[in-house]
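Each chain, written out:
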Amino acid sequence: MSQMIYKPGGDTLVWGIKAQVKVVNAGERDAYLAEGWLDHPSQLFNTAEPEPDVKTPRGGRGKKAVPPGNAEAFV
């Protein structure tokens, strides 16, 4: 039987955390766990920081127009 294992840092997003993911045979699992791999994705929360939310800039109104000569009043 095969099992998926996880390691922090990688290109695959698992539960909001980037991780390396491999599918290994059950007999190889213990060797990978000894090398720092994890056997459940919930364990990634103990070892890695979640990816920050990237907010895209939204459109909207631009900056207020400043009348000439009164720029100090709007600072």
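**Student:** Explain the overall build of the chain to me, using residue names and the numbers behind them.
**Tutor:** A tally of helices and strands in the chain yields one helix and two strands. Along the chain, helices and strands appear, N-terminal first, in the series β-β-α. When each of the 75 residues of the chain is scored for burial, the buried share is 15%. For the chain, restricting intrachain contacts to residue pairs at least 6 apart in sequence, the fraction spanning at least 24 positions comes to 46%. Carbon and sulfur atoms form 52% of the exposed surface of the chain, whose accessible area is close to 6200 Å².

**Student:** Help me get a handle on the nonpolar core, residues and values and all.
**Tutor:** Formed by Y6, V14, I17, A19, L38 and L44, the largest nonpolar core amounts to six residues. Among the secondary structure elements, those contributing two or more residues to this core are β1 (2-14) and β2 (17-25). Beyond its immediate sequence surroundings of up to four residues, Y6 is in contact with V14, Q20, V21, W37, L38, D39, H40, P41 and L44.

**Student:** Tell me about the pattern of salt bridges, and please be specific about residues and values.
**Tutor:** Under the definition given, this model contains two salt bridges. Salt-bridge contacts for R29 lead to D30; the nearest nitrogen and oxygen are separated by 3.7 Å. Residue R29 is classed as partly exposed on the basis of its relative accessible area of 23%. Taking the shortest distance from any N to any O, the salt bridge between R29 and D39 comes out at 3.1 Å. Of this pair, R29 sits in helix α1 (residues 26-34) while D39 sits in the segment after α1, and the two are 10 residues apart along the sequence. Owing to a relative accessible area of 26%, D39 belongs among the partly exposed residues under this scheme. Connected via shared salt-bridge partners are R29, D30 and D39.

**Student:** Requested: an account of a nonpolar patch on the surface, with residues and values cited.
**Tutor:** Taken together, M4, V21 and V23 make up a surface patch of nonpolar side chains, about 240 Å² in accessible area. Within the fold, V23 resides in strand β2. On the basis of relative accessible area, V23 is assigned to the exposed category, the value being 57%.

**Student:** Could you give an account of the pairing of β2, naming the residues involved and the relevant values?
**Tutor:** One ladder, built from 10 bridges, connects β1 with β2; its direction is antiparallel. Within the sheet, the bridge partner assigned to V14 lies in β2 and is I17. Linking β1 to β2, which pair antiparallel, is a turn of two residues; within it W15 sits at a positive phi near 55 degrees.

Parameters and conventions
- Residues numbered from 1 in each chain as written.
- Predicted model: local features only at pLDDT ≥ 70, side-chain atom pairs only at ≥ 80, totals over all residues.
- Heavy atoms only, no water.
- Helix = DSSP H or I, 4+ residues; strand = E, 2+ residues; numbered from the N terminus.
- Buried < 20%, exposed > 50% of the residue type's maximum accessible area, 1.4 Å probe, protein only.
- Contact = heavy atoms within 4.5 Å.
- Areas by Shrake-Rupley, 256 points an atom, 1.4 Å probe, with all protein chains shown as cover.
- Core = buried A, V, L, I, M, F, W, Y, C linked by side-chain atoms within 4.5 Å.
- Salt bridge = Lys/Arg side-chain N within 4 Å of Asp/Glu carboxyl O.
- Patch = residues over 30% accessible without salt bridge, like charges linked within 9 Å, V, L, I, M, F, W, Y side chains within 5 Å.
- Pairing = 2+ DSSP bridges.

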